[in-house]
Amino acid sequence: KNTDTPEHIKNFVNELVMKNIFSEDEAKLVPCDKMFAFFESELGNKLKSSAFVKREVPFNIHISEDFGIPDESSHKVQLQGVIDCYFKDDDGFTIIDFKSDKITESNKNSKIANYSKQLEFYKLALQTMYKDASVKTCIYFLDDNTIEWV
């Protein structure tokens, strides 16, 4: 879809309401100006130029009890989740986890630390789906339009 202006993004959100994908109340919560800022970033431009983009991808994998790739002797546990977005380019795969948390100087590092394990699981899931894939992970904080690579 067209992301050239915040208005184009708002029009897309309105289309989602018309298709009953979003309610009107949910649509009001979409920060179109912040989404526009993302699409104008270097990462957003890479996403837009990729021919391989996946959104809201559910996964269900088995991991070892120490949260790694299981071998034949390890006790396995099941892990389920949904990856917000990932894309593939010449550098491999990039996972983007969008967060809408309120970010301050005092809480940003703890937010990054809290979400890092989640991104490790997403990376493991992608490496399970695409054997030996090169995967980078980042958190995109909508509140302050920053990218944190983890």
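A brief structural summary.

Quick notes on the rules
Residues numbered from 1 in each chain as written. Predicted model: local features only at pLDDT ≥ 70, side-chain atom pairs only at ≥ 80, totals over all residues. Heavy atoms only, no water. Pairing = 2+ DSSP bridges. Helix = DSSP H or I, 4+ residues; strand = E, 2+ residues; numbered from the N terminus. Axes fitted to C-alpha atoms, helices over the stretch in contact; angles between N-to-C directions. Left-handed = near helix turned anticlockwise from the far one by under 90°. Contact = heavy atoms within 4.5 Å. Salt bridge = Lys/Arg side-chain N within 4 Å of Asp/Glu carboxyl O. Buried < 20%, exposed > 50% of the residue type's maximum accessible area, 1.4 Å probe, protein only. Phe/Tyr/Trp six-rings, centres within 6.5 Å; stacked < 30°, edge-to-face > 60°. Patch = residues over 30% accessible without salt bridge, like charges linked within 9 Å, V, L, I, M, F, W, Y side chains within 5 Å. Areas by Shrake-Rupley, 256 points an atom, 1.4 Å probe, with all protein chains shown as cover. Lys, Arg positive; Asp, Glu negative; His and termini not counted. Charge placed at Lys NZ, Arg CZ, Asp CG, Glu CD. Disulfide = S-S within 2.5 Å.

## A word on the sheet that holds strand β4 (residues 135-141)
Ordered in space as β1-β2-β3-β4-β5, the five strands form an open sheet in which the pairing is mixed. Sheet topology places β1 (52-64) and β5 (146-149) at the edges, where each strand pairs with a single neighbour. Taken over all neighbouring pairs, the strand axes of this sheet differ in orientation by 40 degrees on average, direction set aside. Strand direction decides the pairing type here: β4 and β5, joined by four bridges, are antiparallel. Looking across to β5, one finds that Ile139 is bridged to Glu148.

## Digging into the packing of helix α1 (residues 6-18) against helix α3 (residues 32-40)
The angle between the axes and the distance between the axes are what describe a pair of packed helices. One way to put it is that α1 packs onto α3 with a least axis distance of 8 Å and a crossing angle of 120 degrees. Crossing geometry of α1 relative to α3 is assigned as right-handed. Two secondary-structure elements touch here, α1 through Pro6, Ile9, Lys10 and Val13 and α3 through Cys32, Asp33, Met35, Phe36 and Phe39.

## Describing the pattern of salt bridges
As enumerated under the stated definition, the model contains eight salt bridges in all. Note that Lys102 is salt-bridged to Asp143, the shortest N-O span being 3.9 Å. One end of the pair, Lys102, is in the loop between β3 (92-99) and α5 (108-129); the other, Asp143, is in the loop between β4 and β5, with 41 residues separating them in the sequence. Under the relative-accessibility criterion, Asp143 is labelled partly exposed at 25%. One salt bridge connects Asp144 with Lys108, and the closest N-O pair in it is separated by 2.9 Å.

## With respect to the pairing of strand β2 (residues 76-89)
Examined bridge by bridge, β1 and β2 share twelve bridges and lie antiparallel to one another. Across the sheet, Val57 pairs through a bridge with Ile83, a residue of β2. Across five bridges, the pairing between β2 and β3 is antiparallel. When the sheet's bridge partners are listed, Asp89 is paired in β3 with Gly92.

## Quick look at the packing of aromatic side chains
Scanning all chains against the criterion turns up eleven aromatic pairs. Judged by centre distance (5.1 Å) and plane angle (80 degrees), the ring pair of Phe38 and Phe98 falls under edge-to-face. In this pair, Phe38 is assigned in helix α3 and Phe98 in strand β3, connecting sequence segments 60 residues apart. Given the relative accessible area of 0%, Phe38 is considered buried. A relative accessible area of 22% means that Phe98 is categorised as partly exposed.

## Some thoughts on a negative patch on the surface
A cluster of acidic residues, Glu65, Asp66, Asp71 and Glu72, forms a negative patch at the surface. When you line up the elements, Glu65 lands in the loop between β1 and β2. Glu65 gets classed as exposed once you look at its relative accessible area, which sits at 53%.

## Some points on the state of the cysteines
Scanning the model with the defined rule gives zero disulfides in all. Here Cys32 is not cross-linked by a disulfide; its sulfur's nearest cysteine counterpart is in Cys85, at 17 Å. No disulfide involves Cys138; its nearest neighbouring cysteine sulfur is the one of Cys85, lying 9.0 Å away.

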